[in-house]
Amino acid sequence: MQESDSITKVKSVGEKRAATFANIGIFTVGDLLRYFPRDYADYSVTVPINELMPEDTAVFRATVTKKLRPYISYKYSIYRVTVSDGTDSMLLTFFNSKYSFDRLIEGHEYIFSGKIRGTVLTKECTSPTFIESGSTNILVPKYHLTEGLSDNIISNCMKYAFEKCETTEALPAELIERYGLMGYKEALKSAHFPDSHDTLDKARRRLAFEELLTLQLGMKLMKQRSRRTAPVVMSDESIDDFFAGLKFTPTGAQMRSIKECIADMKSGAPMNRLLQGDVGSGKTLVAAALCCFAAKNGCQSALMAPTEILAKQHYETLAGFLEPLGIGVALLTGSTVKKPVYEAIENGAAEVVVGTHALIQSGVNFRKLGLVITDEQHRFGVRQRTVLSAKGDAPHTLVMSATPIPRTLAFVIYGDLDVSVLDEMPKGRIPIRTYAVDSGYRERIFRFIIKYINNGFQAYIVCPFVEKSEAMADKKSATEYFDDLKKTWFSDIPIGLLHGKMKQAEKDSAMARFKSGEIKLLVATTVIEVGIDVPNAVIMVIENAEQFGLSQLHQLRGRVGRGSEQSHCILITDSTSDYTKARTDIMVKTTDGFEIANEDLKLRGPGSFFGAAQHGLPEMKVADVSSDVLLVHETGQLAEELLAADPKLTAPENAGIRRLVRELFREREIFGIN
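The structure displayed is predicted, hence computed values, not measured ones. (Residues numbered from 1 in each chain as written. Predicted model: local features only at pLDDT ≥ 70, side-chain atom pairs only at ≥ 80, totals over all residues. Heavy atoms only, no water.)

K.L.:
What exactly am I supposed to notice about the pairing of strand β6 (residues 109-118) here?
P.N.:
Side-chain direction in a regular strand flips from residue to residue, so the side chains alternate between the two faces of the sheet. Note that strand β2 (residues 57-67) and β6 share seven bridges and pair antiparallel. If you follow Thr57 over to β6, its bridge partner there is Lys115. Two strands pair when backbone bridges link them, and β6 and strand β8 (residues 129-132) are joined in this way by four bridges, in the antiparallel orientation. Within β8, the residue paired with Phe112 across the bridge is Phe130. Bridge count between β6 and strand β7 (residues 123-126): three bridges; the pairing is antiparallel. Note on β7: the bridge partner recorded for Ile116 is Cys125. (Pairing = 2+ DSSP bridges. Helix = DSSP H or I, 4+ residues; strand = E, 2+ residues; numbered from the N terminus.)

Structure follows, in structure tokens:
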């Protein structure tokens with residue numbers, strides 16, 4: 001049996017069960033072997049029954065004292081067993097599980113795992129899992145299941161596959177020995193059937209090592225394909241007049257980042273730098289300084305933003321910094337009159353061009369593009385960024401992100417980028433106070449907003465959806481919420497609506513009226529996540545906060561706290577899940593975007609942190625880049641070493657690794673093969 005064989009080659013898997021396996025992405029024997037447990041029932045540490053309390057999830061050792069008569073009807077069956085460990089007794093109940101009932105033998109001892117119900121005096125446990133007391137398999141796998149599959153079915157299929165299947169070792173023997181790794185088949189088997197925590201740790205390390213090495217090799221190969229020598233040579237032109245024109249003193253982090261970027265631009269090689277900065281940390285100032293430096297070297301700069309709102313804001317800010325110095329700044333968006341802007345770009349009068357996707361249109365021709373800046377770059381696909389850079393002759397590149405990226409993830413995604421971090425906030429910024437409440441506080445929140453509006457301030461209310469739908473009947477929609485508030489609580493207060501389905505002219509009007517102060521309360525969707533900078537807005541209310549990701553909540557919160565007044569962010573949710581509580585707790589605890597990003601990565605995983613489709617970051621089944629920090633660095637260094645010695649991994653000993661890279665990235669072109 002081979003890994004590539006159909007799952008139907010496994011004993012007890014016919015066409016019907018194969019279709020069930022297909023529902024969880026298992027089509028081949030190899031898919032089955034690499035379908036790793038989501039968790040393990042740990043039977044190694046037990047608690048006496050007399051110490052167990054209702055609602056505990058616990059492991060306990062006990063002997064079956066009596067099997068009660070089952071209750072069987074045409075709809076369901078109930079099987080009951082009493083057990084004791086000498087300290088106390090307990091009733092176990094199994095629904096529709098004659099198999100479990102039959103496995104238990106009176107007088108035999110077992111180790112059980114489950115949630116305790118009942119009272120302190122009459123404890124019960126429903127449908128516990130269990131193993132025989134003398135079993136060596138103290139860590140029992142739990143899998144993500146679908147209807148028609150159980151943990152036992154998957155485990156039995158897995159045992160048969162391991163017995164019959166020939167697996168292929170991908171890593172060279174020299175690497176396995178050098179890094180003290182388990183063999184591939186041993187690691188796979190130990191991941192499914194570990195005999196100890198130590199064995200499981202070693203298996204996980206081997207599999208994570210292979211995943212991270214494959215990932216980093218693929219990312220580096222992708223970046224090497226587009227790496228070229230930059231002919232854009234910039235000299236030591238002074239930008240002292242830029243700093244002299246500022247009405248404030250830049251932070252130390254801003255000055256450090258500007259110096260790092262200019263040093264790159266003077267090096268003779270293309271700058272390839274990531275500028276990370278939390279909401280409001282001043283990335284646009286850094287961009288303006290670099291555009292000034294490029295202009296003094298006879299080069300044009302292009303800044304691409306994901307939305308028209310944000311592009312216009314960047315245009316206004318850059319024009320304010322640069323036009324007094326005689327540097328021409330132009331705006332190019334979907335609603336711009338194109339011809340005069342195209343001409344200014346082509347003849348060089350527009351030394352700095354700010355725009356949206358309109359920048360990559362075929363009619364846009366730069367005279368000499370030397371610097372490309374992408375803002376909120378995770379919202380752009382790789383192709384869009386490449387097309388913009390191709391409008392110059394290998395220009396310098398600056399990637400800006402207000403979504404803080406955990407360092408280990410940045411190391412993987414941006415392996416060939418240098419990183420500058422804006423880790424200081426401008427002086428005078430007061431940390432935003434954040435609260436998490438349920439909908440019972442809504443009327444108090446409305447009174448709180450009215451008090452601030454009466455004192456001359458403004459507020460946002462963000463809803464997760466534009467319109468009401470049957471599927472989300474209990475969630476707030478911006479349009480319905482706006483209509484309700486306008487008729488009730490805020491009937492005497494200027495209130496506005498902003499969402500993505502509005503026409504551009506309507507969105508622009510709502511934003512302009514809010515920015516001018518004409519609108520006091522803006523009801524919106526996440527269209528305001530980037531782009532609106534209104535220092536007078538001091539309250540952000542987010543309805544159905546459980547519908548938003550952590551980083552998105554942090555971005556929304558960043559729309560307030562931009563002035564000198566104390567600002568507030570109120571998260572409203574009626575969800576009582578542990579996942580929601582973990583997210584709201586971190587939002588209340590900190591305003592540090594990097595700490596929030598790390599928590600977001602732990603909760604959601606790297607695939608959904610940015611969106612794998614845009615970043616080319618394949619899903620990891622075992623590795624966790626948020627916690628496998630040492631492995632990330634270890635495999636990163638090894639990837640560099642392997643590619644330095646064998647740039648396309650064509651050496652015979654690297655054939656297995658080459659196969660892994662191609663399988664993970666699903667493209668032949670990663671090695672330059674058409």
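K.L.:
Which parts of the structure should I look at to understand unusual backbone geometry?
P.N.:
The general pattern is negative phi for most residues beyond glycine and trans for most peptide bonds. Although it is not a glycine, Asn96 sits at a positive phi angle of roughly 55 degrees. Tracing the backbone shows Asn96 in the loop between β5 (89-95) and α3 (98-103). One non-glycine residue, Leu649, lies in positive phi territory at about 55 degrees. Position of Leu649 among the secondary structure elements: in the loop between α22 (629-645) and α23 (655-665).

K.L.:
Explain helix α17 (residues 504-516) here, please?
P.N.:
Because an α-helix packs 3.6 residues into every turn, residues spaced three or four apart end up facing the same way. Compared with the 18 Å implied by 1.5 Å per residue over 13 residues, the 18 Å span of α17 between its first and last C-alpha is a close match. Inspection of α17 places Lys507, Asp508, Ala510, Met511 and Phe514 among the buried residues, and these make up the whole buried set. Around the axis of α17, the buried residues are gathered within 165 degrees of arc, so they sit on the same side. Opposite its buried face, α17 presents the exposed residues Ala505 and Ser516, each directed more than 90 degrees away. Gly517 occupies a position one or two residues after α17 and carries a positive phi of about 95 degrees. (Expected span 1.5 Å × (residues − 1). Buried < 20%, exposed > 50% of the residue type's maximum accessible area, 1.4 Å probe, protein only. Arc of directions from axis to C-beta.)

K.L.:
What should I look at first to understand the nonpolar core in this one?
P.N.:
The nonpolar side chains of soluble globular proteins are, as a tendency, buried together. By size, the foremost hydrophobic cluster in this structure holds 57 residues, and its most contacted members are Phe21, Leu32, Leu213, Leu217 and Ile657. Contributions of two or more residues to this core are made by α1 (15-22), α2 (29-33), α4 (151-164), α5 (173-178), α6 (184-192), α7 (197-226), α22 and α23. If you tally residues by element for this core, the top one is α7, at 11 residues. Residues contacting Ile657, with those up to four places away along its chain left out, are Ala170, Leu171, Pro172, Leu175, Leu213, Leu217, Leu642 and Leu649. (Core = buried A, V, L, I, M, F, W, Y, C linked by side-chain atoms within 4.5 Å. Contact = heavy atoms within 4.5 Å.)

K.L.:
Teacher, can you tell me more about the sheet that holds strand β14 (residues 369-375) here?
P.N.:
Strand pairing in a sheet relies on backbone hydrogen bonds, with the paired strands running either antiparallel or parallel. Read from one edge to the other, the open sheet built from seven strands follows the order β12-β13-β11-β14-β15-β10-β16, with strand pairing classed as parallel. For this open sheet the edge positions go to β12 (329-332) and β16 (418-422), each flanked by a neighbour on one side alone. Strand-to-strand twist across the sheet, computed as the mean angle between neighbouring axes with direction ignored, equals 20 degrees. Taken strand by strand, helix α10 (residues 283-296) contacts β10 (272-277), β11 (300-304), β13 (352-355), β14, β15 (396-401) and β16, and its axis lies near 170 degrees from that of β14. Along the sheet, helix α11 (residues 308-322) makes contact with β11, β12, β13 and β14, crossing β12 at roughly 175 degrees. (Axes fitted to C-alpha atoms, helices over the stretch in contact; angles between N-to-C directions.)

K.L.:
What is the right way to read the pairing of β10 from this model?
P.N.:
In terms of burial, β10 is largely enclosed, as five of its six residues are buried. Where β10 lies against β15, five bridges are found, and the strand directions are parallel. Bridging across to β15, Asn272 finds its partner in Thr397. Pairing of β10 with β16, which is carried by five bridges, proceeds in the parallel orientation. What sits directly across from Arg273, in β16, is Asp418.

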